[in-house]
Amino acid sequence: MERKIKAVQYGVGKMSIYTMQYMLEKGVEIVGAIDINPSVVGKDIGEIIGKDKLGVIITDAKQAREMLQDVKPDVCIVTTRSLIAEVEEPFMLCAELGINAISTCEEAFYPQNSNPKLTAKIDEVAKKNNCTITGTGYQDIYWGQLITSLAGSTQRITKIKGSSSYNVEEYGIALAEAHGAGLSLQEFDEKIASVDRISADERQAIIERGEYLPSYMWNVNGWLCSKLGLTPISQTQRCIPQTYKEDIYSSTLNMTVKAGNATGMSAVVTTETKEGITIESECIGKVYAPDEFDKNIWTVEGEPTTTITVEKPATVELTCATVVNRIPDVINAKPGYVTTEKMGDLEFKIKSLNEYLK
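So, here's what we can say about the structure. Keep in mind the model is a prediction, meaning the values are calculated, not measured. (Residues numbered from 1 in each chain as written. Predicted model: local features only at pLDDT ≥ 70, side-chain atom pairs only at ≥ 80, totals over all residues. Heavy atoms only, no water.)

## Comments concerning the pairing of strand β11 (residues 264-273)
When you tally the buried positions in β11, you get 9 out of 10 residues, the bulk of the element. With 10 bridges connecting them, strand β8 (residues 232-242) and β11 associate as antiparallel partners. The partner of R238 across the bridge, within β11, is V268. Pairing geometry for β11 and strand β12 (residues 278-286), over 9 bridges, is antiparallel. Of the residues in β12, the one forming a bridge with G264 is K286. In this structure, the hairpin formed by β11 and β12 is closed by a connection of 4 residues, where G276 is found at a positive phi of approximately 90 degrees. (Buried < 20%, exposed > 50% of the residue type's maximum accessible area, 1.4 Å probe, protein only. Helix = DSSP H or I, 4+ residues; strand = E, 2+ residues; numbered from the N terminus. Pairing = 2+ DSSP bridges.)

Dropping the structure here:
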């Protein structure tokens, strides 16, 4: 494509500061921005990313359809909520208008195993209107491609075990609330942990109704199985509250989390496969104490056994850079709801992104 890729930013919060900056640096033309927050609606996006005014005014989400029809973007970057049901509106809007969409929504990474009905609905409309919808972010590399690359150098695998921690303060209120940050232990048990004290049949019924609340690793395990050609025969999830001995202030929640209350949660997802390989993955998201930091540890057990550790990754920046580097892959992909393991490995894009379009 000779012209620049045209993009719209949907959701102008913490993550968008990086996605918009990175798009501009990679030669993408931002032609619009959308949000529901009255404190940012009407502002120029330059004010959000700390630059001079760029002539792109943030539109109220109520006028999203009209704006998208007017500017006709090649892609829409959705950085709002964490569950696919929460991004159904922008996803369906893009699908109906034939606009490719990429979201940082964690469930959107592989929603086929947590909300198949809604995924199929979006897929059908996207195929009809010749566009691609997907989810990506930090997990694309650090919970996905990095692990499958290790597997590629392994003769025999018995188990894949991973753990990743991140500070919910850096991602906004939606993610913090999804992790139970600020809840009492009783509230955490009632609202989050109790969801997983059910039978496999009960869980499947909830999934089919589109009402399941997956942890991030639920979808990651599905992505890994798909990428590695594994057949899941069972999958369970267990959510455990994280606490701290002292009060911790959360600027994202605008509250002090009292000592002993939930600062967040650990979610452990275990997948058994027909091929005999177990995947056990854990994500720990919480309001960090002063001495805590992000860490990503994965082990591929077998012949041989290999462990890789990434300490203090810049998780927010890595997430946003992944989103931007995926833009050409999504535009080049076949129509429908296409998860990233079907797009090929993510590669660094040194040139303007329009030069990578087929």
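## Some remarks on helix α1 (residues 14-25)
Residues of α1 that are buried: M15, S16, T19, M20, Q21 and M23. Contacts from the buried residues of α1 go to β1 (6-10), β2 (29-35), α2 (45-49), β4 (75-78) and α11 (315-332). Trailing α1 by a residue or two, G27 shows a phi angle of about 80 degrees, which is positive. (Contact = heavy atoms within 4.5 Å.)

## Observations regarding the nonpolar core
Among the nonpolar cores identified, the biggest contains 50 residues, and W143, Y166, F188, M217, L224, C283 and W298 are the most heavily contacted of them. Setting aside its immediate chain neighbours within four residues, W298 contacts Y142, W143, I147, I160, K161, G162, M217, L224, S281, T306, T307 and I308. Judged by nonpolar contacts, the second largest core, of 29 residues, contains I34, L68, A108 and I133. (Core = buried A, V, L, I, M, F, W, Y, C linked by side-chain atoms within 4.5 Å.)

## Considering the side chain of N113
Position of N113 among the secondary structure elements: in the loop between β5 (100-103) and α5 (116-128). Side chain to side chain, N113 and N219 meet in a polar contact 3.2 Å long. Ignoring sequence-local partners within four residues, the contact set of N113 consists of I207, W218, N219, G222 and Q235. (Polar contact = N/O pair within 3.5 Å; in protein donor to acceptor, adjacent residues only side chain to side chain.)

## Overview of the pairing of β1
For β1, the tally of buried residues reaches 4 of 5 residues, placing the bulk of the element in the interior. Between the parallel pair β1 and β2, the chain is carried across by α1, and the sense of this crossover is right-handed. Looking at chain direction, β1 and β4 are connected through 4 bridges and run parallel. Residue pairing in the sheet places Y10 in a bridge with V78 of β4. (Right-handed = clockwise from strand over helix to strand, strands pointing away.)

## Description of the pattern of salt bridges
Going through the model one piece at a time under the given rule, you end up with 16 salt bridges. We note a salt bridge from D74 to R3, for which the minimum N-O separation is 2.8 Å. Here the residue D74 occupies a position in the loop between α3 (64-71) and β4, and R3 occupies one in the segment before β1, the gap between them amounting to 71 residues. Note that K127 and D123 form a salt bridge whose closest N and O atoms lie 3.1 Å from each other. Note that K127 and D123 are positioned in helix α5 at a spacing of 4 residues, about one turn of the helix. For D123, a relative accessible area of 18% corresponds to the buried category. Within this structure, D140, R326, D329 and K349 form a network of salt bridges that share partners. (Salt bridge = Lys/Arg side-chain N within 4 Å of Asp/Glu carboxyl O.)

## Comments concerning the side chain of T252
Relative to the elements of secondary structure, T252 occurs in the loop between β9 (248-250) and β10 (255-257). Relative accessible area serves as the criterion here: at 13%, T252 is assigned to the buried category. A polar contact of 2.9 Å, which involves the side chain of T252, links it to the backbone oxygen of E169. Beyond its immediate sequence surroundings of up to four residues, T252 is in contact with K14, V168, E169, G172, I173 and A176.

## A short note on the packing of aromatic side chains
Summed over the entire model, instances satisfying the criterion amount to 8 aromatic pairs. Aromatic pair F91 and Y337: ring centres 6.1 Å apart, planes at 75 degrees, arrangement edge-to-face. Here F91, found in helix α4 (residues 88-97), pairs with Y337, found in strand β15 (residues 336-337); they are 246 residues apart in sequence, far enough to count as distant. Accessibility assignment for this pair places F91 and Y337 in one class, buried. Ring geometry for Y138 versus Y142: centroids 4.8 Å apart, planes at 10 degrees, classification stacked. In this pair, Y138 and Y142 are both assigned in helix α6 (residues 138-151), 4 residues apart and thus about one turn of the helix distant. Like Y142, Y138 is buried. Members of the aromatic cluster, each reached through a chain of ring pairs, are Y138, Y142, W143, Y166 and Y216. K312 extends its terminal NZ or CZ atom over the ring of F293, reaching a point 4.9 Å from the ring centre. Here the basic side chain of K351 rests over the ring of Y356, its NZ or CZ set 5.4 Å away from the ring centre. (Phe/Tyr/Trp six-rings, centres within 6.5 Å; stacked < 30°, edge-to-face > 60°. Lys NZ or Arg CZ within 6 Å of the ring centre and 35° of its normal.)

## Remarks on the sheet that holds strand β6 (residues 132-135)
The strand order across the open sheet formed by 7 strands is β3-β2-β1-β4-β5-β6-β15, and the pairing between neighbours is parallel. One side of each edge strand has no neighbouring strand; the edge strands of this open sheet are β3 (58-60) and β15. Examined bridge by bridge, β2 and β3 share 3 bridges and lie parallel to one another. The residue of β3 that forms the bridge with I34 is T59. The sheet contacts of α1 involve β1, β2 and β4, and relative to β1 the element is tilted by about 175 degrees. The sheet strands contacting α11 are β4, β5 and β6, and the helix crosses β5 at an angle near 150 degrees. (Axes fitted to C-alpha atoms, helices over the stretch in contact; angles between N-to-C directions.)

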